[in-house]
Every structure is written in structure tokens, then in C-alpha cells.
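# Secondary and tertiary structure notes
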Amino acid sequence: MPHPSPSPSRMRQARGLLFAFALAALTTYMVAAVSQTGFVLAGLHAAGADFTPAVVVATIFRDLYGLAFKGLFVSYLLLVAVGLAIALSVAALVKRWTAARGMIIYPLAAAVMMGAMLSLIKAVFFGITLYAGTRGAAGLAGQMLAGACGGALFALCMERLR
Amino acid sequence: MIAGFSRCRRWLVAAILPLAAWSLDATAAHYQVETLVSGLRQPYSIAFLPGGDLLVTEKTGALRLVRDGQLLAEPVAEIDNLFSGGQGGLTDVVLHPDFADNGLVYLAFSAGTAKVNGTRVVRGRLVDDRLDGIEEIFRAEPDKDTGVHFGARLAFMADGTLLVTVGDGAQYREKAQDLSSMLGSVIRIGDDGGIPTDNPFVNRADAKAAVWSYGHRNPQGIVVDSNNGKVYVTEHGPRGGDELNLVEPGANYGWPLATYGIDYTGAVISPYSEYPGTVQPLTHWTPSLAPSGLALCRSCLWPEWEGDLFAGMLKGTQVQRVQLADNGEIAREALFEEVGERIRDVRFGPDGALYLVTDNSDGRVLKVTPAAP
């Protein structure tokens, strides 16, 4: 017996969900990559290096590309996307059970995911923070803030979908 | 016309190829490789004793003795407080320049725990195949909490002072530019651990007096040219940017302000490969071959190798021969790729032969001599 085809409204919802997730993942990645670049350059500056605005901008673009496509172990963009898929799914379940507000639960879940993921990576690699721009509380906070931004965008999109 | 040019090029290649093959064959025919000793647990370095015996360090903490080609069962010494996690362990061994008179042996290693560790140097007197009176003469400051980038190589200079390489600890790479830290530097101390009064930063209140050069990442090869006293150091880059440096007192070798490598994550470490006030490497390996151990041929068994440097390569599973020309040009050649193992250390023996240490849980010391005619 043939399966009934999904209704147009369900298709629209699925497309909307996919768009919201992609937007959240890209936003998280871009904010995280820019934060990573910023902290690395700040560290170099403190160690004695100077940069023109053009060098800073060029480095941001190199990192946006490099972290996504030149990682030795795994793409940071892929890590962020997989992490967000898990975190936002869990957050959606928690939201359903607790009636928590989306604008709180999604950013929170994404921020916690970023912190947990980077801590796990550090534990695996002999105590080294693999992403140099995430060293220290401020660097880690930058990545968590990136997650929160992505989560907030996801929440906004989901509200519009409803 | 293009077809004619193409035909010409094919003829040219056909003519040159046998010459090139002959040249490579001639290089391979320069040597023969034999296993001197096997069954070592991650051997790291060797030192030649006057009577023909060989000291071998094992990363797991034992200093072993090889006599008449046999590895003695009883270790000469075992290191207390060793930290052998990650890249840590017992690394280098060198003899005092007056070893024949004083019997002093120097060892470099990483000590402490996963949370508090650092590079250390001890010395002891070799008596009846045991190292007696072991005392610590150097401790890198500050301690760190990462299990990588210890450096921990040793070389005596002609004036009897001892050079010690210290890595940046990876997590603390900017410390390589901080003279108040020893991380990422080459240290110069007296044979008793004292600070030589002619060290470059000895009069600076904001600097560690033991620092001799800085801006290094993870220097795991060092050699002093016995002819002219020049000091050469190889260091691991990140992804790309392994360096060979001619190290001079007080000089800044750039890490991490300038590098030819990028981070393992694909991120930029520095936008610069050169930076004012820092010294460029003599050569760099990009992509990385992971240099460990460095030797220099002086009156070795190959006259044509006189003055050349030989860098062991871990990832590259080879030795890189580096020819330094007077005009600054450099030529590099891969050797011993047929061994097929990670090369942890390279030394020329008093007999002029080349000795290789392989980095394995069942590691070997190999002896390389010229091929029989």
C-alpha cells in the first residue's frame, strides 16, 4: 500500500526547520570563528605583534575558510553543526516537557553544547586547547556566546514558523 | 610547432632520466644499515662511552647500557618523578666534555604530573655501570599543565656550558616571547646548573638569566659544530613550518609571531611568516616532517658529507641531509627512507659512523657505515 504523501504544510514546516537549523549553525560557526581569530590576534599583540586593519580582516577570512575546510582532524563547521543538531533536539524535547521559553532554552542549550564540546576536546588532547582562541575563560565564553547567538536565531525562526 | 616541442621534451626527458636514476642509485649506494641493538622500549637518544659502550635512554624512564652489541638487562639508572604521559619521558643523554676524568652523565626528561610538569636536567656519576649521586641541576620555569612540547634536548658548548632546549608547552605559545618564562627557549647553564655571567639576558631584571635564545616552539634537535662552535637547532612546527635555525645568543626565532605553519584546526597561528626583530630559519619543512635529533658530520666516514647536518624525522620516517653552502643556499636530501621507521635521534659516533634511533615500543639503534666497495 503506498504511503500517503506529506501535506504541504508539513513540507513547509520541515523546510523551515532545516532553514532555521542551517542559519543557526552558520551563525554559530561564523561568530565562533571570528571570536577565535580575535583572541588569537589579541594574544599575538600582547606578545609584541602589530596588525593593520587589512591584516585583521584578511585573517578573519582565512580562519572562516580554514576552520571549515582545512582542519587536520575535523572541520569546526561540521563539529558545530553536529553539536547543534544534538543540543537543539534535546532542547526541543525539554521545551515540550517543561514549557520553557524557546528564546531561553535554545540559546542556553547551544551555549552549553559549545562549552562542553570544547572541554571534551581539551580532555582528549593531553590538556591542550586545540582551538587556540578558546583558551581561558574569555575565549571559551566567546564560543559559548556564539552558540547562544545561533540558538537565539533558531528560536526566532521557530516562533515565526508557528 | 607545439607537437615538435613536445617531442623534443620527451627526448630530453628520456636522455636525462637514466642520469637522474644513476645519481639516486649512487646516493643509496653510499651506505649500509645494520641493527646494532633492538628490543628497546621507545628509545630516545644515545651517548658513546669511551670504551665502546653505548648509553641509551628509553622514554619510559630507564637509562640502558649496550656492551659488545648486547643490551644489559639491568638499567644504569631509572628516573624518579618522571612524567611519561603524552610526549613526556626520559629524552636526552650527553656526557660531560671531561667525562674521561669525572664520569659525569647528564640526562634531560619531563618530570611531575599531568597537571604540574616541566623539563628537568639531572646529572650523575657513572660508576660500575650505575649512575651514582643523581642531582637535579635545572628545572624549567614555570611549570605547565600540558603533556606536550617539552623540548628537552642537551648539547655541551666548547666552553663547557650546557644548552638545554625547552618547548612552549603548546597551550602557552605566547610565552615563547616572554623572557620572564623559560618556555619556548634555549637555555644555557654551567655544568653544575649555575648561570654563566655572559648569558645575554643576565642583567635584565624582567628576564630569566638562563635564557640564551627565545621564540622557539618545540626544539627537539640540537648540535654544536665542533669546528666553529655554531649551534644548530631543529624544532617542530605546527602543520608546516618545522625549522632549522642557526641559534645565536639573545636572538628571537619568532614563534608564534611568525611561522610558516598553520594550526592543526586549519586556523591561522600568525598572519606573518616573517616579522621584524625575529630571525628567519635557515630552512623550513612545509609540510611537516617532524624533526627530532640533529647531527653534524665532522670527519665522519663520508668525506662528501663534511659539514652537512642530519635531522631525524618522525612523521617523515627518514633523515634529512641538509647541505649549507657559504652563499646561504641550502640543499636537502631524504635518506634512509627504506628503514621505514620514525627516526627519533641521529648521532655520529666517535668511529665516524652514523647512528639512528628508531621511535618504537620495540625500538632499535641502527649503525650506518659506507657501503663496501
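Quick caveat, the model's predicted, so the values are computed rather than measured.

### Comments concerning the overall build of chain B
- Looking only at helices and strands, one finds 2 helices and 25 strands in chain B.
- Compactness check: chain B gives a C-alpha radius of gyration of 21 Å against a globular reference of 21 Å for 373 residues, within 12% of the reference.
- Taking all 373 residues of chain B together, the buried fraction comes to 57%.
- Contacts spanning at least 24 positions in sequence make up 56% of the contacts within chain B whose residues lie at least 6 apart.
- Surface exposure of chain B reaches about 15,300 Å², of which carbon and sulfur atoms provide 51%.
- Charge-centre separation for chain B: the mean point of 32 positive side chains lies 7 Å from the mean point of 47 negative side chains.

### Examining the state of the cysteines
- Enumeration over the complete set of coordinates arrives at 1 disulfide over all chains.
- The disulfide partner of Cys297 of chain B is Cys300 of chain B, and the S-S distance across this bridge is 2.0 Å. When the S-S torsion is -80 degrees, as for the bridge of Cys297 of chain B with Cys300 of chain B, the disulfide is left-handed. Neither Cys297 of chain B nor Cys300 of chain B differs from the other in exposure class; each is buried.
- Among the cysteines around Cys149 of chain A, which has no disulfide bond, Cys157 of chain A carries the closest sulfur, lying 13 Å off.
- In this structure Cys149 of chain A comes out as partly exposed when scored by relative accessible area, which is 30%.
- Owing to a relative accessible area of 16%, Cys157 of chain A belongs among the buried residues under this scheme.

### So, the confidence of the model for chain B
Residues and elements named next belong to chain B.
- Mean pLDDT over chain B: 92, with 92% of residues reaching 70 or higher.
- In this model, residues 1-26 is a region of pLDDT below 50 whose contacts with residues beyond four sequence positions or in other chains number 0 contacts.
- Model confidence for the complex: the whole-complex pTM is 0.91, and ipTM, which rates the interface, is 0.92.

### A short note on the interface of chain A and chain B
- Listed per partner, the contact involves 29 residues of chain A and 25 residues of chain B.
- In total, chain A and chain B occlude about 2,300 Å² of area from one another, counting both sides; carbon and sulfur atoms represent 59% of this.
- On the chain A side of the contact with chain B, Leu44, Phe126 and Arg135 of chain A bury the most area, a combined 23% of that side's loss.
- Where chain A touches chain B, the interface holds 1 salt bridge.
- Here Glu174 of chain B and Arg135 of chain A are joined by a salt bridge, their closest N and O atoms 2.7 Å apart.
- Broken down by secondary-structure element, the contributors of at least two residues to the side of chain A that touches chain B are α1 (8-46) and α2 (53-69) of chain A.
- The dominant element in the side of chain A that touches chain B, judged by the number of residues it contributes, is α2 of chain A, at 6 residues.
- Taken together, the residues of the side of chain A that touches chain B break down into 15 nonpolar, 8 polar and 6 charged.

### Thoughts on α2 of chain A
All names here are of chain A.
- Look at α2: 24 Å from first C-alpha to last across 17 residues, which is about the 24 Å you get at 1.5 Å a residue.
- For α2, every residue scored as buried is listed here: Thr59, Asp63, Leu64, Gly66, Leu67 and Ala68.
- In this fold, the buried residues of α2 make contact with α1 and α3 (76-98).

### Digging into the pattern of salt bridges
Residues and elements named next belong to chain B.
- All chains considered together, the criterion is met by 25 salt bridges over all chains.
- A salt bridge links Asp263 to Arg173, with the shortest nitrogen-to-oxygen separation between them at 3.2 Å. Of this pair, Asp263 sits in the loop between β17 (242-247) and β18 (283-285) while Arg173 is found in the loop between β12 (162-166) and β13 (185-189), placing the two residues 90 residues apart along the sequence. Each member of the pair, Asp263 as well as Arg173, is classed as buried.
- Connected via shared salt-bridge partners are Asp92, Arg153, Asp345 and Arg347.

### Comments concerning a nonpolar patch on the surface
Residues and elements named next belong to chain A.
- Judged by side-chain polarity, Leu72, Phe73, Val74, Leu78, Val82, Ile86 and Val90 come together as a nonpolar surface patch covering roughly 620 Å² of accessible area.
- Counting through the fold element by element, Phe73 comes out in the loop between α2 and α3.
- The partly exposed category is assigned to Phe73, whose relative accessible area is 47%.

The rules behind these values
- Residues numbered from 1 in each chain as written.
- Chains lettered and ligands numbered in written order.
- Predicted model: local features only at pLDDT ≥ 70, side-chain atom pairs only at ≥ 80, totals over all residues.
- Heavy atoms only, no water.
- Helix = DSSP H or I, 4+ residues; strand = E, 2+ residues; numbered from the N terminus.
- Rg over C-alpha atoms; globule rule 2.2 N^0.38 Å.
- Buried < 20%, exposed > 50% of the residue type's maximum accessible area, 1.4 Å probe, protein only.
- Contact = heavy atoms within 4.5 Å.
- Areas by Shrake-Rupley, 256 points an atom, 1.4 Å probe, with all protein chains shown as cover.
- Lys, Arg positive; Asp, Glu negative; His and termini not counted.
- Charge placed at Lys NZ, Arg CZ, Asp CG, Glu CD.
- Disulfide = S-S within 2.5 Å.
- pLDDT = per-residue confidence, 0-100.
- Buried area = accessible area lost by both parts, 1.4 Å probe.
- Salt bridge = Lys/Arg side-chain N within 4 Å of Asp/Glu carboxyl O.
- Nonpolar A, V, L, I, M, F, W, Y, C, P; charged D, E, K, R; others polar.
- Expected span 1.5 Å × (residues − 1).
- Patch = residues over 30% accessible without salt bridge, like charges linked within 9 Å, V, L, I, M, F, W, Y side chains within 5 Å.

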